[in-house]
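Coordinate analysis (summary)
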Amino acid sequence: MQNERKKEIDEILIKTEKKILSGEIKTHSLIEFKESQKEKRKRLRKMSQAFNVMSEITRYLKTHNMYFEKYWEEDAPHITMAFKNCDRCPGRFTEGSIYFYEDCMEARVYYSEIGAKWCKESKHLSELYRLMNYLNAKVWPRVKDGMDGALYSSEHLLTPRFCVTEDVCQDITTIMAIPYSHFELDALQTEDFITAALPYLLDSLSAPIFFLLIGEVNIEEAIRLVDTEILEEAKSEIRQE
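Calculation criteria
Residues numbered from 1 in each chain as written. Predicted model: local features only at pLDDT ≥ 70, side-chain atom pairs only at ≥ 80, totals over all residues. Heavy atoms only, no water. Helix = DSSP H or I, 4+ residues; strand = E, 2+ residues; numbered from the N terminus. Expected span 1.5 Å × (residues − 1). Buried < 20%, exposed > 50% of the residue type's maximum accessible area, 1.4 Å probe, protein only. Arc of directions from axis to C-beta. Contact = heavy atoms within 4.5 Å. Pairing = 2+ DSSP bridges. Polar contact = N/O pair within 3.5 Å; in protein donor to acceptor, adjacent residues only side chain to side chain.

Helical geometry note: an α-helix holds 3.6 residues per turn, so side chains three or four residues apart project in the same direction. In this model helix 3 (residues 48-63) runs 23 Å from its N-terminal to its C-terminal C-alpha over 16 residues, within 8% of the 22 Å that 1.5 Å per residue would give. Listing the buried residues of helix 3 in full gives Ala 50, Val 53, Met 54, Ile 57, Thr 58, Tyr 60 and Leu 61. All buried residues of helix 3 fall inside an arc of 160° around its axis, so they share one side. Away from its buried face, by an angle of more than 90 degrees, helix 3 presents the exposed residues Asn 52, Lys 62 and Thr 63. On its buried face, helix 3 is in contact with strand 1 (67-71), strand 2 (78-83), strand 3 (94-100), strand 4 (104-111), helix 6 (180-185) and helix 7 (187-213).

Right, here's the structure in full:
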């Protein structure tokens, strides 16, 4: 009796397998696999511009001997960077990241982990948020080519926002979204802006931001430092032009 039942089951399995191979029966897992592959191909086509821009920025970073690492997560491939010669910043360097989405990239430049630690431990965050409101309203950084305008004119190319990230890191950061259409028009200026102008800006803002966080100055004094260190310098440069 058992042998007959086993033979019957084997026959059913063989028939089912033949139907699957012939396409008469489609397994749910096979359908899901095909659909997922179709979605991946569609997303790769949409992400082709993002990958091209990522490759261009990677070449730029290599040419300028900047430290960076690439990550190829499916959600959003990205690059992380470290910028040296920020002598007034905690740790004497700043960091950056660029996330590549379908139609734009999100660029961030922020203080090191030491700066984030001071931010977490500070009792003066409300004053810091007031200072950031002032920065978002008044500070308009300009990008320079470092060659007295031989490559491009100094101008207000992009407008980053200042914020403290909501994640566990609590990074003090500048953040902006850049459409790829904009990047293609001003690739070199955009790259210089992210890797030179913004690290320089954070370096210049170190005194008002961190003196405020540790309680060495109040909000009014921090704003006066911004006026002196950033805004007066910007006005002087415009007058010279």
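Turning next to the pairing of strand 4. The buried count for strand 4 comes to six of eight residues, which makes it a mostly enclosed element. The pairing of strand 3 with strand 4 spans seven bridges and is antiparallel. The partner of Glu 95 across the bridge, within strand 4, is Tyr 110. The hairpin turn running from strand 3 into strand 4, its antiparallel successor, is three residues long. Where strand 4 meets strand 6 (residues 172-179), seven bridges bridge the pair, whose relative direction is antiparallel. Its bridge partner lying in strand 6, Val 109 is registered against Thr 174.

If you check the backbone angles, Asn 65 has positive phi at about 55° while not being a glycine. Tracing the sequence through the fold places Asn 65 in the loop between helix 3 and strand 1. Of the residues examined, Asn 65 reaches a relative accessible area of 72% and is grouped as exposed. We note that Asn 85 has phi near 65°; this positive angle belongs to a residue other than glycine. Here Asn 85 is to be found in the loop between strand 2 and strand 3.

Below, the discussion takes up the side chain of Ser 122. Assignment of secondary structure puts Ser 122 in the loop between helix 4 (113-121) and helix 5 (125-138). Residue classification places Ser 122 among the buried positions, given a relative accessible area of 13%. In this structure the side chain of Ser 122 is engaged in a polar contact, spanning 2.7 Å, whose partner is the backbone oxygen of Leu 213.

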